[in-house]
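Working through the structure, step by step
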Amino acid sequence: PVASIILQQPDSEKELWVLTIELTVVLVLTMDFETDVPQRTILTEKSRQCVPYVISRMTEARADRDIQSAGCAFLSSLCSMGGELPAFLLDNGAVGVISVATKALGIESDFQEVAEAGAWALWKLSAAWKQSEEPLALDVASIVHGLGVLGVVSMRYYESEIRTCLYGFALNVCGTDGLVLEDFPPVCDLLSSLQQNPSGESADLLAALCSHYPESCEDVLVGLDLPVVIEMLGSGDDLVLEPLISILVTVTENSVDAKRRLALDEVLSELVSTLPSTASDKNKCFILLDLTMSLMDGIAIPPQGLYHSILACLEHSVSDDTLRTYILRSTKDMVVLLEPIEEVAVLIPWLQHRIETLRFEVQERIEACNLVWAMASKRQIKDDALLRGLLVSVLSFMREFNGKAGQPLDITVLDVTGGALSGIALCIREFPIGLESHQIDTFIGAVYQARSYGAKAVNFVMAVLVAIWHFCFLHETELLREGVIVFLCDIMEDFKDYPRIQEKGCAIFAQLASAESLQISISIAEARGIELIVQAMDTHPTDLLIHSEASKAIAHLSTEKDVRTLVGALGGINSVLGGISRFSHSPIFLERAYSALLNLSSDVAEYLLDTQLMVRTIIQTLMLHPESGSLRENGLGILQNLCMKGLDAKEAVAAEGGIASTVNAMEQYLVTPNVVERGFSTLWSLAVLPANQKRIAQVGAIDIVVSAMYASTEHKHVQIEGCGCLFALALDPANRAAIRCAGGVEALTLSATVHYNKEEFQVEVCKLMACLSTPSDGQHEQISISQDEVDVVLFAMENFAQTEEVQVHGCEALVNFLKASNSAAIVSEFHAAMDVAVDTAAASIFGAQCEILANEFKMLLEQFSL
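What you see is a predicted model, and the numbers here were worked out from it, not measured in a lab.

All chains considered together, the criterion is met by 8 aromatic pairs. Where tyrosine 448 meets phenylalanine 487, the ring centres are 5.5 Å apart and the plane angle is 80°; that geometry is what we call edge-to-face. Pair noted here: tyrosine 448 is in helix H24 (residues 437–450) and phenylalanine 487 is in helix H26 (residues 484–494), with a separation of 39 residues, a long-range link. Given the relative accessible area of 28%, tyrosine 448 is considered partly exposed.

Looking now at helix H38 (residues 673–686). The end-to-end C-alpha distance of H38, which contains 14 residues, comes to 20 Å, matching closely the 20 Å that a straight helix rising 1.5 Å per residue would cover. The complete set of buried residues in H38 reads Val675, Val676, Gly679, Phe680, Ser681, Thr682, Leu683, Ser685 and Leu686.

For the rest of this paragraph, the subject is the pattern of salt bridges. Applying the stated criterion across every chain, the model contains 25 salt bridges. Across the salt bridge formed by aspartate 494 and arginine 451, the nearest N and O atoms sit 2.6 Å from each other. Highlighted residues: aspartate 494 in helix H26 and arginine 451 in the loop between H24 and helix H25 (458–481), separated in sequence by 43 residues. For aspartate 494, a relative accessible area of 40% corresponds to the partly exposed category. Ionic pairing is found between aspartate 835 and lysine 858, a salt bridge with its closest N-O pair at 2.3 Å. With aspartate 835 in helix H47 (residues 823–843) and lysine 858 in helix H48 (residues 847–861), this pair connects stretches of sequence that are 23 residues apart. Classification of aspartate 835 as partly exposed rests on a relative accessible area of 22%. Salt bridges linked by common partners bring Asp321, Arg324, Arg354 and Glu364 together as one network.

Over its 20 residues, helix H7 (residues 112–131) extends 29 Å from the first C-alpha to the last, a length consistent with the 28 Å expected when each residue adds 1.5 Å. For H7, the set of buried residues is Val114, Ala115, Ala117, Gly118, Ala119, Ala121, Leu122, Leu125, Ser126, Ala127 and Trp129.

Cut-off values and rules
Residues numbered from 1 in each chain as written. Predicted model: local features only at pLDDT ≥ 70, side-chain atom pairs only at ≥ 80, totals over all residues. Heavy atoms only, no water. Phe/Tyr/Trp six-rings, centres within 6.5 Å; stacked < 30°, edge-to-face > 60°. Helix = DSSP H or I, 4+ residues; strand = E, 2+ residues; numbered from the N terminus. Buried < 20%, exposed > 50% of the residue type's maximum accessible area, 1.4 Å probe, protein only. Expected span 1.5 Å × (residues − 1). Salt bridge = Lys/Arg side-chain N within 4 Å of Asp/Glu carboxyl O.

If you want it as structure tokens, here you go:
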């Protein structure tokens, strides 16, 4: 209390004031506050009363060294009391006066204690502020003043607590609102300090500046002396290793250019070459690996010698399981991060030995297996001998912990061995090796053992299914012999609620069925495989991947009639249709689903089909992906199949817009023969209904059909379907004139010339010629016949004299030609040849069918004066 009175008197004698403060400081620093709580309470309260007066006197007497020294010591001692005093001191401007005193007196040798007290107080006050739940706003000017102390005082005390405290203060205030990079000591000075006196403080502050002020990264990068940095990294000074790495990591995190330049400056190469020498020092090896990983992030190609250095580390760390485990984990991350290189293969013999040797720690063997998984998944194992050895090692490890070999089942071991197996299987697709029965038994048996674990076994089961899928491409026979179909059915049933397992199961069935072997299809059906595929779609109706793989499987399986019937009976057709409606945005899925429906719609009983639903679904999705010709082809094929179901189906297709969709598809793919052929077939089937003949003409289909005939003249099957389509349309008299106006006759005569020796096509030509020349009223109408028409019919009748349909339809056409508006000209030019053709037909083995036509021809011919 006496000291409090003296210190609060503005006119107290200087000597008394200074002496009182010194005694108070001694009292504060020697008192046991933990046991003497009452005294602490009194002292805290009295000190709070004195603080404003002490700060005021220090402010007024800035040039008085004694007052500055005493005041700084007093404020510093109060910081040691903790509690609310640091916050109180901050609120009353203590940082400012302490900074002034420390900066002014700290550089003088007689006042080292001032530097110590001031630096410690600044650090303590800033720490209290930083740890506060609701920190007060700092006086930026005072903070800047405090940072100025760092550059002036700390250079004098390299190895003292003063330096530590001042750097701690700077770290605590770094990033404070209002502060900018220029308020801190220059980066070049900090780098110089770091290199002259390696310790953690400079490095910590540099890292903090890079983090809070990214613009400093460039200065740090320019100022770093790479050889010195590498020397410091290898120096073994644990005080500098971690902070220095923190600087480099922070620089690379905040600047892509910095990361790139560090790589160009061969930092990585230096680090890689240093790695083997750190194998005996766990901490240094950890830190260097971390730095290497950080610098490689974003760099595609690893530095030369990386994996050789890692191998050296692994071989030299023989007595430290923890270090080897950490190296293996870091290497796995590198393999995942970086582009594949052949050098990684140097690790494989070491990894193989580790995995298969029982005396090594299980965790280390797990990490080795994880690394193999990463390497194989990126197709980095390109030697059949290495693949063969790894396959044996991984399966041996899997068998050891499958619960049947003496050890309890370890799901973690199974997870990593399953993953490694899936990667190895991927590599085997490119570099084939044999797969033996006992090896298949190992991974299938392990899944059967693990399936009782339910959700915990999902990752392992999934990994094995991925491996089986890869093996299917080369070892289908071996897998089938070992019962893979029954195995798949069991697993899909046990894990029916897990979508990724269902997806991969369907994918394997699709791959097995892709050979479209009757035996395989029957085996899958008998094992309930088809039921499980449909069940997968119904259980997971919103999962695109499942529906895509299931549709692919059904497309391959449904090439067999019995399978098509089974799929229909199980409701699989509606399941596929439901997927089409939900996933119409996916062209890959639609391709697979359309392929499945193309098969299923071919001959499945009508009671298993919802014709209207199928028509509506196909039409709604057919035009969504105009870039896909195969989608158009299969979509039109489905509509064609449906049209073949009967008159009601034809009406349903037309009523749902099938005509317009078909014509639009043909127009978009006019030069794509497969699409055009499907379009012709569909329109041909639809035009069997008289009402549809008119509907087709009304949407402009006749012009499109004729154009398509011209566009695919050289394709016989397309032309045959085109002729059939035009014939069906020409059954409507109004369409005959439209076909002629659109150039249909010219297209037909051109095709007849191209395919002059194709009997089945010439049948269709004569049939269509007869129909197009038929008068609508059965009498006489203004139809003009070209000489090309007559030539085409006569040529066909002469060259295919033994073909009944050519002769019959040829006679019909010749009779109709005599009823044309220009019949006189036709008779004048061709009567002899026509007469011979008709007589020949009447006298042939088909005479009974041609005789009536021949008689009519003769009667008509008599009307002309020849």
